[in-house]
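# Coordinate inspection notes
As a plain string of letters, each chain reads:
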Amino acid sequence: MMITKKEMRRVAKPVVLIAEELSPATLEALGPDFEVRNCNGADRSELLSALAKGVDAVLIRSATKMDAEAIAAAKGLKVIARAGVGLDNVDIPASTAAGVMVVNAPTSNIVSAAELAIGLLLASARSISPAHAALRDGKWARSKYTGAELFEKTLGIVGFGRIGQLVAHRMQAFGMSVVAYDPYLQPARAAQLNVKLVELDELLKTSDFITVHLPKTKETANLIGTDALTKVKPSVRIINAARGGVLDEAALYEALKSGRVAGAGLDVFATEPCTDSPLFSLDNVVATPHLGASTDEAQERAGIAVAVSVRKALSGELVPDAVNVKGGAIDQAVRPALPLVEKLAQVATSLANDVISAIDVEVRGEISSHDVSVLATSALKGALLAMGAEDVTYVNAPALANSRSLTSTVSTDAESPDHRNLVSVRAACADGSQIMVSGTLMGIKQIQKIVAIDKLDLDLKPTKNLLFLRYTDRPGVVGVVGNALGKLKINIADMQVGRTQEGGQALMALTVDSLIPKEIIDVISKETVAVGSARFFPAISGAEPCTGSNIEG
């Protein structure tokens, strides 16, 4: 008996390479379904050698560089998981081109990073670092290290994302008023947090303390530089615990030396590791070696988060924290629709009369108010699986579809007369024909249902084994199909029949308890032909593309 490629992959456990030290909870979250290997990712030759042996996923922190060379060397790589937030050490374009999903843990260290920024702010305000150093040198220098209170002062937050918002909430408890600069945030959201959104120049001029919470991009590089530092109060203290390079270190040094800035707290630097900056010679600078995420709690959360993401990615699911999947961040309300759309696309593709050239998704109801663009990728993934494509992921589905000249679009409509949410997938064929399959999510548990195929109403769960028959309506077909399956010891769990009119086109949908091999499908087709012009359409591909009778849930 010949073992297929897919069956061989099922026998061997997926290989997960852990390239840096992660918390024990990471291994526990991975579970026993993976072969875990370890290497020192900071050792380039050791990393490349480990990747070349074949791995499905690699888990890293900040010391391992997954650049184009490493990605090219990694045989069979499907996922790069960064146990943390920053992705400066991962080549995202190269990963996407190779079909490798990149995931991180965007919320794992936000509390730790916010708390460190506050710690640096307090240390700068009260000269804690130099005062401590003086004591260690045997000096009691109370008069030298007079500080500043936070109470009734203005805190300016540059970048008002999740970490910036945590800092604002905590510093308001100190009696500070907070202003923020963030061109991408809606003023209403800031108002909810009792924070005023202002332009950067106004923030620089009015703030007594400034904290930076921005990623480093082309737009933010040296954002706080020579020009910006001429606009601040001489009493200002500036904190950067976000990304090095957003704050111009040379300009900051000159401003601190000249008295244009009273103090600074730094956890990140333009080049790391950094041990010889002139900033370290100044008493009014408190600095730490990129400790923002360095708490036991943050490391454990990051490890668990990426382990869960790896499990999902290697099982073919879309990972909400994937950074290189078209569609971006996925709203919680949209996530249950992803597997539903994938299954609807599988059914539509399998029932199509010809090769499909376009697949369009129409979203009606409440979820239409959210960003549902990712459903286009979900539909492509389902259609490609139904066509027999292997190893389809949310990362490579758009490229695979493009190679087959297959397109996908998403449209929305707030009105949904019959369902709270209704998703319809329309497959357009090269011969000009179309087929539409509609589904919904029902109840608190968001149970998936197929509710219509073209104009024929159904109420069918898209379970693993579905059979569809299209035929001209006439007496006896239901009995023949039931008898044929009975002879083959295949149990029918559910059967539904719809028709356009008496004697018109009819559709029979069946849920069965077991996978149906292709040869048995042929037998059923021959049996049904005996009672009229029956035509059999399998649902989608199962364990092997040729079987055509299984929905992989």
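Residues numbered from 1 in each chain as written. Predicted model: local features only at pLDDT ≥ 70, side-chain atom pairs only at ≥ 80, totals over all residues. Heavy atoms only, no water.

### A few points about the pairing of strand 17 (residues 447-453)
The element strand 17 is extensively covered by neighbouring structure, given that 6 of its 7 residues are classed as buried. Bridge count between strand 16 (residues 434-442) and strand 17: 6 bridges; the pairing is antiparallel. Across the sheet, residue Ser438 finds its bridge partner in strand 17, namely Ala452. Sheet topology places strand 17 next to strand 18 (residues 456-460); 3 bridges connect them, and they run antiparallel. The residue of strand 18 that forms the bridge with Ile453 is Leu456. Linking two consecutive strands that pair antiparallel, namely strand 17 and strand 18, is a turn of 2 residues; a positive phi of about 55° is found at Asp454 within it. (Buried < 20%, exposed > 50% of the residue type's maximum accessible area, 1.4 Å probe, protein only. Helix = DSSP H or I, 4+ residues; strand = E, 2+ residues; numbered from the N terminus. Pairing = 2+ DSSP bridges.)

### Remarks on the nonpolar core
What tends to happen in soluble globular proteins is that the nonpolar side chains get buried as a cluster. Ranked by size, the top nonpolar core spans 69 residues in total, and within it Met101, Ile359, Leu375, Ile450, Ile453 and Phe468 carry the most contacts. In terms of residue count, helix 14 (residues 337-351) provides more of this core than any other element does, 9 residues in total. (Core = buried A, V, L, I, M, F, W, Y, C linked by side-chain atoms within 4.5 Å.)

### Remarks on the sheet that holds strand 18
Reading across the sheet, the 6 strands line up as 14-13-15-16-17-18 and stay open at both edges, with mixed pairing between neighbours. Across the chains shown, the open sheet's two edge strands, defined by having one partner strand only, are strand 14 (407-413) and strand 18. Each adjacent strand pair in this sheet contributes to an overall mean axis angle of 20°, direction not counted. Taken strand by strand, helix 14 contacts strand 13 (356-365), strand 15 (421-429), strand 16 and strand 17, and its axis lies near 155° from that of strand 16. Relative to strand 13, helix 15 (residues 374-386) is tilted by about 135°, and along the sheet it contacts strand 13 and strand 14. (Axes fitted to C-alpha atoms, helices over the stretch in contact; angles between N-to-C directions. Contact = heavy atoms within 4.5 Å.)

### Focus on the pairing of strand 16
Note: strand 15 against strand 16, 6 bridges, orientation antiparallel. Bridge pairing links Val423 to Gly439 in strand 16. Between strand 15 and strand 16, which pair antiparallel in sequence order, lie 4 residues; one of them, Gly432, sits at a positive phi of approximately 95°. Connecting strand 16 to the antiparallel partner strand 17 that follows it, the hairpin turn spans 4 residues, and Gly443 within it adopts a positive phi of roughly 75°.

### Thoughts on the pattern of salt bridges
Under the defined criterion, the tally for this structure stands at 16 salt bridges. Note that Glu69 and Arg44 form a salt bridge whose closest N and O atoms lie 2.8 Å from each other. Residue Glu69 is located in helix 4 (residues 68-73), and its partner Arg44 is located in helix 3 (residues 44-52); the two are separated by 25 residues in the primary sequence. On the accessibility criterion, Glu69 (48% relative accessible area) is partly exposed. With relative accessibility at 26%, the residue Arg44 sits in the partly exposed group. Between Lys231 and Asp227 there is a salt bridge whose closest N-O contact spans 3.3 Å. For Lys231, a relative accessible area of 24% puts it in the partly exposed group. Judged by its relative accessible area of 52%, Asp227 falls in the exposed class. A single network of salt bridges, built from pairs that share partners, joins Arg44, Asp67 and Glu69. (Salt bridge = Lys/Arg side-chain N within 4 Å of Asp/Glu carboxyl O.)

### So, helix 3
Within helix 3, burial applies to Leu47, Leu48, Ala50 and Leu51. Seen along its axis, helix 3 keeps its buried residues to an arc of 165°; they face one direction. Packed against the buried residues of helix 3 are strand 1 (15-18), strand 3 (57-60) and helix 4. (Arc of directions from axis to C-beta.)

### Concerning a negative patch on the surface
Among the surface-exposed residues, Glu28, Glu115, Asp296, Glu297 and Glu300 lie close enough to one another that they form a single negatively charged patch. In terms of residue count, the dominant contributor to the negative patch is helix 13 (residues 296-314) (3 residues). With a relative accessible area of 65%, Glu28 lands in the exposed category. (Patch = residues over 30% accessible without salt bridge, like charges linked within 9 Å, V, L, I, M, F, W, Y side chains within 5 Å. Areas by Shrake-Rupley, 256 points an atom, 1.4 Å probe, with all protein chains shown as cover. Lys, Arg positive; Asp, Glu negative; His and termini not counted. Charge placed at Lys NZ, Arg CZ, Asp CG, Glu CD.)

### Considering the packing of helix 14 against helix 15
Look at helix 14 against helix 15: their axes get within 7 Å of each other, and the N-to-C directions meet at 40°. As judged from the angle between their axes, helix 14 and helix 15 are oblique. Like other packed secondary-structure pairs, helix 14 and helix 15 cross with a definite hand, here right-handed. Side by side, helix 14 and helix 15 meet where Ala337, Leu338, Val341, Glu342, Ala345, Gln346, Thr349 and Ser350 of the first sit next to Val374, Leu375, Ser378, Ala379, Lys381, Gly382, Ala383, Leu385 and Ala386 of the second. Of the residues that constitute the contact of helix 14 with helix 15, the class distribution is 10 nonpolar, 5 polar and 2 charged. (Parallel < 35°, antiparallel > 145°, perpendicular 65-115°, else oblique. Left-handed = near helix turned anticlockwise from the far one by under 90°. Nonpolar A, V, L, I, M, F, W, Y, C, P; charged D, E, K, R; others polar.)

### Considerations on the environment of Leu166
Mapped onto the fold, Leu166 is located in helix 8 (residues 162-172). It is 30 Å that separates the C-alpha atoms of Leu166 and Ala313, two residues lying 147 residues apart in sequence. Dropping the residues within four chain positions of it, Leu166 is found in contact with Ile110, Val111 and Ala114.

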